[in-house]
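Remarks on the overall topology
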Amino acid sequence: MNNHYSVIIVGGGQAGLSMSYCLKERGINHVVFEKNKIGYAWRTKRWDSFCLVTPNWQCKLPGYAYPGNDPHGFMQKNEIVQYVEAYAASFDPPIQQGVEVLKLSQNVAQNFFEVTTSIGEYTADQVVVASGSYHLPKVPKIAERLPKNITQLHASEYKNSQSLPPGAMLVIGTGQSGCQIAEDLHLAGRQVHLCVGSAPRSPRRYRGKDVVDWLDQMGYYDLSIEEHPQKEKVRAKANHYVTGRDGGREIDLRQFALEGMQLYGRLKDISDRQLEFWDNLQQNLDQADAVAESIKKTIDGFIEKNQIEAPTEPAYHPIWQPEQSILSLDYAQANISAVIWCTGYQTDFSWVEVPVFDGKGYPGHERGVTGVWGLYFLGLPWLYTWGSGRFSGVARDASYLADYIVARKKVSYPNDWSVVNEFLLGS
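The structure contained in this document is the topic of the report that follows. Just so it is clear, the structure is predicted and the values come from calculations on it, not from any experiment. (Residues numbered from 1 in each chain as written. Predicted model: local features only at pLDDT ≥ 70, side-chain atom pairs only at ≥ 80, totals over all residues. Heavy atoms only, no water.)

Focus on the pattern of salt bridges
- Within this structure, the stated rule accounts for 19 salt bridges.
- For Asp403, the salt bridge identified is with Arg26, shortest N-O distance 2.9 Å. Taken as a pair, Asp403 in helix α8 (residues 394-411) and Arg26 in the loop between α1 (14-25) and β2 (30-34) lie far apart in primary sequence, 377 residues in all.
- With relative accessibility at 32%, the residue Asp403 sits in the partly exposed group.
- The class for Arg26 is partly exposed, based on a relative accessible area of 27%.
- In this structure, Asp289 engages Arg201 in a salt bridge whose closest nitrogen and oxygen atoms are separated by 2.8 Å. Of this pair, Asp289 sits in helix α7 (residues 281-305) while Arg201 sits in the loop between β12 (192-195) and β13 (205-206), placing them 88 residues apart in sequence. Neither Asp289 nor Arg201 differs from the other in exposure class; each is buried.
- Residues participating in the shared-partner salt-bridge network are Arg201, Glu250, Arg254, Asp286 and Asp289. (Salt bridge = Lys/Arg side-chain N within 4 Å of Asp/Glu carboxyl O. Helix = DSSP H or I, 4+ residues; strand = E, 2+ residues; numbered from the N terminus. Buried < 20%, exposed > 50% of the residue type's maximum accessible area, 1.4 Å probe, protein only.)

And the structure:
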């Protein structure tokens, strides 16, 4: 291998592969360093019944749209791995698997980046960090208060109900992972205790279509972060919970409660064998319903404005309400043998020794372009649109950055011009 490249891409997931495709298409010399193997996170950090929550037709990697015969279905875990592997095989990226990037720094004097890896030192004119944002599983310190005889897992470690000890399960968190894991355990016949957080929920189908189809028709997936009412704040919002399991359906926690799942508010404290909960179960259920109803009303408005023929549906009515607030539970008496922390991830860009981060460790950028000449980020949630961190929108971001990289390659030295002016040279 050479030690110097025009571009080094860090990360070989869908973002890094998409970037490689776009650079290869433009004839840019580059290499991709991937810490593990292609498809690693999908293969090892998801549970057995995991599937996409967005329809297969939204899988639009550059030059490789979903190739199957079920565009409105939802790929399962093994199919997702096969999709990513087949994408890589389709264009043969210059990827080095099993290579960890340990440090990225800038050599200002010589105008290049220095990349320290597990196989040696490299340099590059430009660097794309495409390692995503799900780096370190978040488990709160309060977990230390549980006894050692209770098995504790992060959502990324959960595989199936059979791998857990006999007894009841406590699932903490109701984002997409928490709700789907709770459902997986529930369908397997396990007694589930669920701490319900403030994540919103989404309808699955409404007025004859999957909600994703309606939102696509309404232009939501083309909405940029600058156009979004919440601007950058939307990057920190929890995803709406819904599932693609068994052909796709809503997740209604109230239905689970009717079927025997025990629901509580958010976890507040653990002491003296007692789990203590905040008194916000009713509030969190109502807020999740309100978001789902607001999505429906937005679709109603779109249908009416555009005079679209679509079936109507009866108004939503909650099928279950908490009779009283349960604010504590003796975990030994409840026979809880395992706790699954569905509490998300935190980013870890500590290896990037270039001053582009804010006080929370998030890189400052505009559509992936940082304030440091030649350094870019790709694959982050809402980097530019809703789909930036997903199969559906990363192609647009990768193509944009590839054009930016080509423009800067032509200029070949740092400057304060905008990319627009770089493209206009000679015009």
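Points about the sheet that holds strand β17 (residues 274-277)
- Strand order in this open sheet of three strands is β16-β17-β18, and the pairing throughout is antiparallel. Either end of the sheet is taken by a strand with one partner, and the two such strands are β16 (267-271) and β18 (328-330). Strand-to-strand twist of the sheet, defined as the mean angle between neighbouring strand axes without regard to direction, takes the value 20°.
- Of the strand pairs in this sheet, β16 and β17 are connected by four bridges, and their pairing is antiparallel. Paired with Leu267 across the strands is Phe277, a residue of β17. (Pairing = 2+ DSSP bridges. Axes fitted to C-alpha atoms, helices over the stretch in contact; angles between N-to-C directions.)

A word on the pairing of strand β7 (residues 112-117)
- Within β7, five of the six residues are buried, which leaves it mostly tucked inside the rest of the structure.
- Here strand β6 (residues 101-107) runs beside β7; their pairing, made up of six bridges, is antiparallel. Looking across to β7, one finds that Val101 is bridged to Thr117.
- Connecting β6 to the next strand, β7, in antiparallel fashion are four residues, including Asn111 with a positive phi near 60°.
- The sheet contact formed by β7 and strand β8 (residues 120-129) spans five bridges and is antiparallel. Bridge pairing in β8 links Thr116 to Glu121.
- Where β7 folds back on β8, the antiparallel hairpin that results is connected by two residues.

Topic: the nonpolar core
- Core analysis: the largest hydrophobic core is formed by 67 residues, its most contacted members being Met19, Val128, Leu185, Leu253, Leu378 and Phe391.
- Ignoring anything within four residues of it in the chain, the contact list for Leu378 reads Ala15, Met19, Val128, Val129, Ala130, Leu383, Val394, Asp397, Ala398 and Leu401.
- Counting residues in hydrophobic clusters, the runner-up holds 24 residues, among them Ile8, Val115, Val127 and Phe377. (Core = buried A, V, L, I, M, F, W, Y, C linked by side-chain atoms within 4.5 Å. Contact = heavy atoms within 4.5 Å.)

Comments concerning the packing of α1 against helix α3 (residues 77-91)
- At a minimum axis separation of 11 Å, α1 and α3 run at an interaxial angle of 15°. By the angle between their directions, the pair α1 and α3 is classed as roughly parallel. The chirality of how α1 crosses α3 is left-handed. For the pair α1 and α3, the contacting residues are Leu17, Ser18, Ser20, Tyr21 and Lys24 in the first and Val84, Tyr87, Ala88 and Phe91 in the second. (Parallel < 35°, antiparallel > 145°, perpendicular 65-115°, else oblique. Left-handed = near helix turned anticlockwise from the far one by under 90°.)

Here's the deal with α7
- The end-to-end C-alpha distance of α7 is 36 Å, a good match for the 36 Å that 25 residues give at a rise of 1.5 Å each.
- For α7, the set of buried residues is Leu281, Asn284, Leu285, Ala288, Asp289, Ala292, Ile295, Lys296, Ile299, Phe302 and Ile303.
- In this structure, the buried residues of α7 make contact with β13, α5 (211-217), α6 (253-258) and β15 (262-264).
- After α7 finishes, the residue Gln307 shows a positive phi value of roughly 50°. (Expected span 1.5 Å × (residues − 1).)

Details of a negative patch on the surface
- A cluster of like negative charges, contributed by Glu226, Glu227, Glu232 and Glu366, occupies part of the molecular surface.
- You can see Glu227 is positioned in the loop between α5 and α6. (Patch = residues over 30% accessible without salt bridge, like charges linked within 9 Å, V, L, I, M, F, W, Y side chains within 5 Å. Areas by Shrake-Rupley, 256 points an atom, 1.4 Å probe, with all protein chains shown as cover. Lys, Arg positive; Asp, Glu negative; His and termini not counted. Charge placed at Lys NZ, Arg CZ, Asp CG, Glu CD.)

Here's the deal with the sheet that holds strand β19 (residues 336-341)
- Strands sit in the order β10-β19-β11-β12-β15 across an open sheet of five strands; the sheet is parallel. Two strands in the sheet have a free side with no partner beyond their single neighbour: β10 (151-154) and β15. Each strand axis lies, on average, 20° off the axis of its neighbour in the sheet, ignoring direction.
- One ladder, built from four bridges, connects β10 with β19; its direction is parallel.

Quick word on α3
- Relative to the 21 Å expected for 15 residues at 1.5 Å per residue, α3 spans 23 Å between its end C-alpha atoms, a close match to the ideal helical length.
- Of all the positions in α3, only Lys77, Ile80, Val81, Tyr83, Val84, Tyr87, Ala88 and Phe91 are classed as buried. For α3, the buried positions fall inside an angular range of 160° around the axis, keeping them on one side.
- Buried residues along α3 sit in contact with α1, α2 (40-44), β3 (60-61) and β4 (64-65).
- Residue Asp92 follows α3 closely and has a positive phi angle near 55°. (Arc of directions from axis to C-beta.)

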